[in-house]
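The lines below spell out each chain.
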Amino acid sequence: MRFLLDTAQRDFADALRALLTAADTPAVIRDWSRGEQASGRALWGRIGAAGVFGLAVPEEYGGVGRLPIDLAVAFVELGRHAVPGPLAETVAAAVLLDDGEGLAKRFLPGIASGESVVTVAFEQHGYGSALDGDAADVRLAATPEGLRLSSGAGAVRRSLDPARRLTPLFPVGELLRAEPPWAEALTWARLATAAQALGVGLALLDSTVAYVKQRTQFGVPVGSFQAVRHRLADVRTALEFARPMVFGAAVTMSPADVAAAKLSACAAAYAGARAALQLHGAIGYTAEYDLSLWLTKARALRGAWGDPEECGRVVLDRR
């Protein structure tokens, strides 16, 4: 199946790409990793002003309506630039807080505008600590009683991706909803994660192709070697297969389709990371080189919002 974005969607992607390119995201990522949030929050506000978070928020609360395809378009670009912060968590929170009443009026306008940084931990559903609980303005915790406004976050835990600052949330605070739409929120978060992974994979492929054209061995570019070309062609093929799965899942929003898209996109991004690490040689192992920011992101996204085994079970259960 072939999916073509319309003109407005392509223009939106181009505008977002230009915004993120100008933002120098590697510097923002390193600041965020150290717990220095000023540049990250400034970027968060610009992303919100561009309408990204409003794609998961109804119009009556400051958004543009729930538009999963456009959300996927945006999150591919966020992944391409490895933007830090609780991005998929914000999408999940927008779904959980949309009660059509007081909670929506109270929280959703801040989410849509980018004024609020929101995170959520599905502790009761096996998803461990919250992402960036130390930086969030609103912390949501899943408890046996329902969705609670967490009273605070614990100490930051180490993560494979330094920009993913994991924190346990205190599961005490105001009870917001007794029966929030957990499954729907999970589906939206997985779609956002799949789109991010696709963007990460595309960025890794582009940087690796550019590098092997410049790096030489035996007096010729490494990229001229047939084995290198085949390796990169395999990555390109995996990403091109993942792309329609991501956008197809955005059309159906079926939990199984979204789980399959996440499996495919994360596997393609991980393959891109392995190829990039090998073909960059020793420099690919250094944390000071910007490539590392995408390598660790590709690995971390595989387990975010459901690891490959869990997503595989969701796909098989449908069958």
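These numbers were taken from a predicted model, which means no experiment stands behind them. (Residues numbered from 1 in each chain as written. Predicted model: local features only at pLDDT ≥ 70, side-chain atom pairs only at ≥ 80, totals over all residues. Heavy atoms only, no water.)

Caption draft 1: Representation of the pairing of strand β1 (residues 118-121). On β1, burial covers both faces: V118 and V120 on one face and T119 and A121 on the other are all buried. As paired strands, β1 and strand β3 (residues 138-143) are joined by four bridges and run parallel to one another. From the neighbouring strand, V120 faces β3, where its bridge partner is L140. (Buried < 20%, exposed > 50% of the residue type's maximum accessible area, 1.4 Å probe, protein only. Helix = DSSP H or I, 4+ residues; strand = E, 2+ residues; numbered from the N terminus. Pairing = 2+ DSSP bridges.)

Caption draft 2: Looking closely at unusual backbone geometry. The backbone phi angle of D132 is positive, close to 60 degrees, even though this residue is not glycine. Looking at where D132 falls in the secondary structure, it is placed in the loop between β2 (130-131) and β3. D132 sits in the buried class, given a relative accessible area of 0%. Although it is not a glycine, F218 sits at a positive phi angle of roughly 55 degrees. Mapped onto the fold, F218 is located in the loop between β7 (216-217) and β8 (220-221).

Caption draft 3: Examining the packing of aromatic side chains more closely. Scanning the model with the defined rule gives three aromatic pairs in all. Ring geometry for F122 versus W182: centroids 5.2 Å apart, planes at 80 degrees, classification edge-to-face. Separated by 60 residues along the polypeptide, F122 in the loop between β1 and β2 and W182 in helix α7 (residues 182-214) bring together distant segments of the chain. Here the two residues F122 and W182 agree in accessibility, since each one is buried. Members of the aromatic cluster, each reached through a chain of ring pairs, are F122, W182 and W305. We note R66 situated over the ring of W188; from NZ or CZ to the ring centre the distance is 5.9 Å. Against the face of Y270 rests R299, its NZ or CZ located 5.9 Å from the ring centre. (Phe/Tyr/Trp six-rings, centres within 6.5 Å; stacked < 30°, edge-to-face > 60°. Lys NZ or Arg CZ within 6 Å of the ring centre and 35° of its normal.)

Caption draft 4: Representation of empty space enclosed by the protein within the structure. For the structure shown, the criterion picks out one cavity of 30 Å³ or more. Of the voids in this model, the largest cavity is the one considered here, and its volume is about 90 Å³. Around the largest cavity, the lining comprises 16 residues; the ones closest to its centre are G85, E89, L131, R164 and Q196. Listing elements by their share of the lining of the largest cavity, those giving two or more residues are α5 (87-96), α7 and α10 (291-303). With three residues, the top contributor of residues to the lining of the largest cavity is α5. Class assignment of the residues belonging to the lining of the largest cavity gives a composition of nine nonpolar, three polar and four charged. (1 Å grid on protein atoms, 1.4 Å probe; cavity = no way out; pocket = protein on both sides within 12 Å on 5 of 7 lines; lining within 4 Å. Points joined across faces, edges and corners; volume = space filled by probe spheres on them. Nonpolar A, V, L, I, M, F, W, Y, C, P; charged D, E, K, R; others polar.)

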